[in-house]
Amino acid sequence: MTEAYGLLPEDWAALCKEAGLPAFRAKQILQGLYRDRIGAWSELTTLSAELRARLDDLAPLTLPREVTRTPSGPDGVVKYLLEMADGERVETVWIPADGRVTQCISSQVGCAMHCAFCASGQLGCVRSLTAAEIVGEVMALSRAQGRYPNNIVVMGMGEPFMNYDAVLRALRVLNCQQGPNIGARHITLSTCGVVPGIERLAQEGVQFELSVSLHAPNDAIRDRLMPVNRRWPLAELLPACDAYTAATGRIITYEYTLVRGLNDRPVHAAELIRLLRGRKARVNLIPLSPVAEFDGQTPSHADCLAFLDALLKAGIHTTMRRSRGRQADAACGQLRLRTQKGPTHGTAEES
Ligand code: SF4
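Residues numbered from 1 in each chain as written. Predicted model: local features only at pLDDT ≥ 70, side-chain atom pairs only at ≥ 80, totals over all residues.

### Side note on the overall build of the protein
Each helix and strand in the protein was counted, giving 13 helices and twelve strands. At 21 Å, the protein has a C-alpha radius of gyration in line with the 20 Å of a compact globule built from 351 residues. With the C-alpha coordinates of the protein rotated into their principal frame, the extents come out at 70 × 45 × 35 Å. Here the protein holds 351 residues, and 44% of them are scored as buried. Taking the contacts inside the protein whose residues are at least 6 apart along the sequence as the reference set, 68% of them involve residues at least 24 apart. (Helix = DSSP H or I, 4+ residues; strand = E, 2+ residues; numbered from the N terminus. Rg over C-alpha atoms; globule rule 2.2 N^0.38 Å. Buried ≥ 20, exposed ≤ 12 C-beta atoms within 10 Å, placed from the backbone. Contact = placed C-beta atoms within 7 Å.)

Here you go:
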């Protein structure tokens, strides 16, 4: 038995053949799933009742259930808490900007990587999501919003490379033409620095974007913020990133969360410049969003601008991300953490 959303077009062709169905059934099924966005096989009325019942057994169609939806105000960011069939919950965020929409999806329930400023890391990893559950996050929101997102970022709960096979399969489904058809270059995987995952992705022959959470200009600070650094320090991480760029031609974005006094001083900017100079790299600076579990503080706007300016003057392609969705607990893991400890605040509603 295979979950419907985890299947690629070639899997549907094979499944139909094995079940003795004509090849055109696979096309009808894919159209029902991804063009019409059916929520149950019973809605696929181009098939006979008998065939729909067979599909329930062959490839069950399970959509995650919406538990809460937390609007963030005028910027239009909506954070959803979704429940899987076994009751486990993950977050996904709908982020409109300039007429386009990015959906941030989760790859695991919780996360085992324990990054200091991340609410998901406080939970530990409960389990990895299946490929179908990951695709289901996109299908649930596209049904709720009446459209597919333009971009997908795997930056929600979980470390995607600790759930490598399911994540890659899900992204292939989301990318395929008979599926949601989201362009590979509009799909971004984000890792905290799991070197074997970076090395493996370099060999896949896919054009997905990769972003790496760096957050520190040296091992001493990175060790404090990100335990993963003790396993794969900068001397291993950065060469793996260089090799990824050499193999794929894709330039990596390094995410760098600025924390007041910890990594936002001019000396840190200088160290970061030394680290990245000569590398094909982009840097995305993110002023820290306050998280109850981490006592680091948001840096001043002037310090953020000075950091940005230093990198730009050194010729490093750098942007600074606006902090969006702060009212909606939009840092990863925060909504789920709150619903575990007590009710969500604000406009969350039980459906
Ligand atoms: S930042 Fe990402 S990798 Fe780190 S604990 Fe949070 S979810 Fe896991």
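### Observations regarding the packing of helix H1 (residues 9-18) against helix H2 (residues 24-35)
At a minimum axis separation of 8 Å, H1 and H2 run at an interaxial angle of 130 degrees. Here H1 lies oblique to H2, going by the angle between them. Crossing of H1 against H2: the hand is right-handed. Mapping the contact onto sequence places Pro9, Trp12, Ala13 and Cys16 in H1 and Arg25, Ala26, Ile29 and Leu30 in H2. In terms of residue class, the contact of H1 with H2 is built from seven nonpolar, no polar and one charged. (Axes fitted to C-alpha atoms, helices over the stretch in contact; angles between N-to-C directions. Parallel < 35°, antiparallel > 145°, perpendicular 65-115°, else oblique. Left-handed = near helix turned anticlockwise from the far one by under 90°. Nonpolar A, V, L, I, M, F, W, Y, C, P; charged D, E, K, R; others polar.)

### Things to note about the domain arrangement of the protein
By convention, interface size is frequently given as the accessible area that disappears when the constituent parts associate. Domain parsing of the protein yields domain 1 (4-58) and domain 2 (65-341). Spacing between the C-alpha centres of domain 1 and domain 2 amounts to 33 Å. For the side of domain 1 that touches domain 2, a count of residues per class yields six nonpolar, two polar and one charged. (Domains from an automatic or database assignment.)

### Some points on the site of the ligand
By nearness alone, twelve residues border the ligand, and Cys111, Met113, Cys115, Cys118 and Gly121 come closest of all. Counted by class, the shell around the ligand contains seven nonpolar, four polar and one charged residues. (Near = placed C-beta within 6 Å.)

### Side note on the packing of helix H11 (residues 266-276) against helix H12 (residues 301-313)
Relative orientation of the contacting elements H11 and H12 amounts to 30 degrees, with a least axis distance of 10 Å. Between H11 and H12, the angle is such that the two are roughly parallel. As for how H11 packs across H12, the hand of that crossing is right-handed. Counting all contacts with H11, which are made through Pro266, Ala269, Leu272 and Ile273, the residues of H12 involved are Ala306, Phe307, Ala310 and Leu311. Per-class residue counts for the contact of H11 with H12 are eight nonpolar, no polar and no charged.

### A short note on the sheet that holds strand S7 (residues 151-154)
Pairing in this open sheet of ten strands is mixed, and the strands run S1-S2-S3-S4-S7-S8-S9-S10-S11-S12 from one edge to the other. Edge positions in the sheet fall to strand S1 (65-71) and strand S12 (317-320), since each of these pairs with one other strand and no more. The sheet shows a mean angle of 20 degrees between the axes of neighbouring strands, taken without regard to direction. As paired strands, strand S9 (residues 209-213) and strand S10 (residues 252-258) are joined by three bridges and run parallel to one another. Looking across to S10, one finds that Ser213 is bridged to Glu255. (Pairing = 2+ DSSP bridges.)

### Observations regarding the environment of Gly261
Mapped onto the elements, Gly261 comes out in the loop between S10 and H11. Taking the C-alpha atoms as reference points, Gly261 and Gly296, 35 residues apart in sequence, are found 8.7 Å from one another.

### Side note on unusual backbone geometry
A positive phi angle is found at Asn181, which is not glycine, with a value near 60 degrees. Mapping Asn181 onto the fold places it in the loop between helix H6 (164-175) and strand S8 (187-191). With phi around 65 degrees, His215 is a residue other than glycine that occupies positive phi space. When you line up the elements, His215 lands in the loop between S9 and helix H8 (219-225).

### Description of the environment of Gln177
Note on placement: Gln177 falls in the loop between H6 and S8. The exposure class assigned to Gln177 is exposed, which follows from the 9 C-beta atoms found within 10 Å. Between the C-alpha atoms of Gln177 and Ser120, which are 57 residues apart in sequence, the distance is 33 Å.

### Brief notes about the confidence of the model for the protein
Chain-level statistics for the protein give a pLDDT mean of 89 and a share of 91% at 70 or above. Segment residues 325-331 is flagged for pLDDT under 50; beyond a separation of four residues in sequence, or across chains, it makes 26 contacts in the model. Note that pLDDT drops below 50 for residues 337-351; the model gives that stretch 23 contacts with residues more than four away or on any other chain. (pLDDT = per-residue confidence, 0-100.)

### A look at the environment of Glu271
Within the secondary structure, Glu271 sits in helix H11. With 16 C-beta atoms counted inside 10 Å, the residue Glu271 sits in the partly exposed group. Between the C-alpha atom of Glu271 and that of Phe208, which follows or precedes it by 63 residues, the distance is 29 Å. Ignoring sequence-local partners within four residues, the contact set of Glu271 consists of Pro217 and Asn218.

### Focus on H12
Residue pairs spaced three or four apart in an α-helix point in one direction, given the helix's 3.6 residues per turn. Its 13 residues place the ends of H12 18 Å apart at the C-alpha level, agreeing with the 18 Å of an ideal helix rising 1.5 Å per residue. The first or second residue beyond H12 is Gly315, which carries a positive phi of 85 degrees. (Expected span 1.5 Å × (residues − 1).)

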